[in-house]
Amino acid sequence: MLTPAFDLSQDPDFLTVAIRVPYARVSEFDVYCEGVDFKFYAKPYFLRLTLPGRIVENGSEQGSYAADKGIFTIRLPKETPGQHFEGLNMLTALLAPRKSRTAKPLVEEIGASEVSEEGVEDDDEEFDWEIEQSPYEEVPESTLNPECRYGFGNLRSGVFQRLQDELSDVIDLKDPDFTPAAERRQKRLAAELAKFDPDHYLADFFEDEAVKQVLEYNPWWIDLYSKMMASLGKSQEQENLVSFSEEEKYQLRKFVNKSYLLDKRACRQVYYSLIDILLAYCYEIRVTEGEKNVESAWNIRKLSPTLCWFETWTNVHEILVSFGRRVLCYPLYRHFKLVMQAYRDTIKMLQLGKSAVLKCLLDIHKIFQENDPAYILNDLYISDYCVWIQKAKSRKLAALAEALKKASPSKAQLGLELQELEAAALLVQEEEAASKAGARCTSGQQTPSSSSETSDSEESGSSTSSETEDSASEHEEPRGGESEAGPSWLSPFVEESSMALLPDHGGMCRSVVLPGSDDGQGQPLASPRAPGASEPLIQELGEQLETLVQISEPKGSAAGQRAEERQPADTQELTLSGLIRY
């Protein structure tokens, strides 16, 4: 807790306490007064005073708050009207008294001869929960570095010197009151490089289904921009495009009307920082599809170096590069397409005019006000922007949009080696695809060879079965063909089919079609015998073969093997079983 600056004054009937609490969350504060005790709390400030006289709550107490000065003024009635309180300027004495401490050693020898009762802590004694306080000392601006300013138009300084512990979660910059702008930028760039995760970026680059869904969302300014483009040349219709809700109107009534004395450099800085804040807001609205959540305040301030690092700018290009780097380092969705979409959305926002920009700023103000650590950024930036933008000139916003159009960002400008990462990832992906394709080809070659063997065996089995069926059908034909064919039943078969029989390796006979025959199809003739005479048929066939077939070498001889090797591969074969069938 911080002890605020305070001042006490009195009149005959009232005691007046003025408490200075800049950047406090004034929507939630507590005041307690009873007797000589006075307590005040407004996060992160706490004040407890022991008054020189007694006060009372009788309904006549009053209170007010000056927003421009950040001062609470509380008037408390005296219990005894007309009593004069002495020592109101003794601020140290008015603070809560400190608890007296003993100088005895913290560790004592056990079994000492005497232990005083004062050294024994009474467990039943009530614990004093009073907070130690010290008087507030205002830090003169002369002791601060003029290059370490921040806030709207760089008009603030000394704020974080006492609030650093309380507001360390709001900004990434440590000791902003003593860190000049050049050092801030160096630290920011180093922090971004340390935070960048190539794996996260490549995962979003290749698996971008969620990113595509986000890009298809149309926020509220898209329809307004389409209407504006449709009504070009009609100034009255363009002014009525943006409307404010009752809640937004209430926000506007609560702001204090101010005039800002900004030099040329500070004015330029205000416009540049406005671009940075709008870029972060457009990204947040798009990725959440307009449904703000508990991370919205974090996203906006984290993506805006103005809010997170109190960064200052010299041109539009620096803003776009910084925003692109932070989009690829911090949020959930890290895709360069989101950078470009937020860039285009910001251009449309500026072209819509100051009413649309004011609507965005009011939404940011509401988001920060509902977030416990981020409300300080409203006091430093957003509240002043909401007041200032109402008096800004529309032509300057239009010129800012044109300058933004000419400074389109690219991946190479971000300094994160994105193109190299993508090329390496694509190369690895192609190599993996090629290896998988090779594996599929190898398995495919093995599968057809086995299937061909299977089909060959199936074909041989089917041919055998078909031949068996044919022989059975031929055996049923009449035997009268024997007398018509001639005295020998085998000679017509040999002459018409023009076949020669050769021995195979197993001692069986096979037929070879002789070239030059007219009908060399090898069609079988009808069998002259009935199926019942199979054994005499075999014997007769053997006798005929002895006269027609010449066997040059016996089975297993080298000459016979060479003769078999010289036989052409396309010779039609007929086994002995097939010949017997005929």
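Residues numbered from 1 in each chain as written. Predicted model: local features only at pLDDT ≥ 70, side-chain atom pairs only at ≥ 80, totals over all residues. Heavy atoms only, no water.

Asks: Account for the sheet that holds strand E5 (residues 62-66), naming residues and giving values.
Replies: Ordered by their spatial adjacency, 4 strands build an open sheet running E1-E2-E6-E5, and the pairing between neighbours is antiparallel. Taken across any chain shown, the strands that pair with only one partner, and hence form the sheet edges, are strand E1 (5-10) and E5. Neighbour to neighbour, the strand axes of the sheet diverge by 15° on average, direction disregarded. Relative to strand E6 (residues 71-77), E5 is paired through 5 bridges, and the arrangement is antiparallel. Pairing of Gly-63 across the sheet is with Ile-74, part of E6. (Pairing = 2+ DSSP bridges. Helix = DSSP H or I, 4+ residues; strand = E, 2+ residues; numbered from the N terminus. Axes fitted to C-alpha atoms, helices over the stretch in contact; angles between N-to-C directions.)

Asks: Quick rundown of unusual backbone geometry? Include the residues and the values.
Replies: Trans peptide bonds make up the majority, and among non-glycine residues the majority have a negative phi. The peptide bond linking Lys-43 to Pro-44 adopts the cis configuration, its omega dihedral lying at 5°. One can find Pro-44 in the loop between strand E3 (30-42) and strand E4 (45-55). The phi torsion at Asp-175 lies on the positive side, around 55°, for a residue other than glycine. Summarising the element assignment, Asp-175 is placed in the loop between helix H2 (160-163) and helix H3 (181-195). Owing to a relative accessible area of 45%, Asp-175 belongs among the partly exposed residues under this scheme. (Buried < 20%, exposed > 50% of the residue type's maximum accessible area, 1.4 Å probe, protein only.)

Asks: I'd like to hear about the packing of helix H6 (residues 220-230) against helix H9 (residues 264-287), residue by residue, with values.
Replies: Packing of H6 against H9 brings their axes to within 10 Å, and their N-to-C directions diverge by 110°. Here H6 lies roughly perpendicular to H9, going by the angle between them. Counted together, Trp-220, Trp-221 and Ile-222 of H6 and Tyr-281, Cys-282, Ile-285 and Arg-286 of H9 form the full contact between these two elements. (Parallel < 35°, antiparallel > 145°, perpendicular 65-115°, else oblique. Contact = heavy atoms within 4.5 Å.)

Asks: Go over the packing of aromatic side chains with me, naming the residues and quoting the values.
Replies: By convention here, two paired aromatic rings are described through the distance between centres and the angle between planes. Under the counting rule described, the total for this entry stands at 16 aromatic pairs. Ring-pair connections join several aromatic residues into one group, and the members of that group are Phe-152, Tyr-260, Tyr-271, Tyr-385 and Trp-388. Above the plane of the ring of Phe-14 lies Arg-75, whose end atom (NZ or CZ) is 4.5 Å from the centre. In this structure, Lys-359 is placed above the aromatic ring of Trp-220, and the distance from its NZ or CZ to the ring centre is 5.8 Å. (Phe/Tyr/Trp six-rings, centres within 6.5 Å; stacked < 30°, edge-to-face > 60°. Lys NZ or Arg CZ within 6 Å of the ring centre and 35° of its normal.)

Asks: If you had to explain helix H16 (residues 394-405) to someone new, which residues and values would you point to?
Replies: With 12 residues, H16 extends 17 Å from end C-alpha to end C-alpha; this agrees with the ideal 16 Å at 1.5 Å per step. Listing the buried residues of H16 in full gives Leu-397, Leu-400, Ala-401 and Leu-404. Viewed along the axis of H16, the buried residues span an arc of 100°, placing them on a single side of the element. The inward-facing, buried residues of H16 abut H9, helix H12 (316-327), helix H13 (336-352) and helix H14 (354-369). (Expected span 1.5 Å × (residues − 1). Arc of directions from axis to C-beta.)

Asks: Mind laying out the environment of Lys-354, listing which residues take part and the relevant values?
Replies: Tracing the backbone through its elements, the reader meets Lys-354 in helix H14. The class of Lys-354 is partly exposed, set by a relative accessible area of 27%. For the pair Lys-354 and Val-242, spaced 112 residues apart in sequence, the C-alpha separation works out to 9.6 Å. Contact partners of Lys-354, with chain neighbours within four places excluded, come to Ile-389, Gln-390, Ala-392, Ser-394 and Leu-397.

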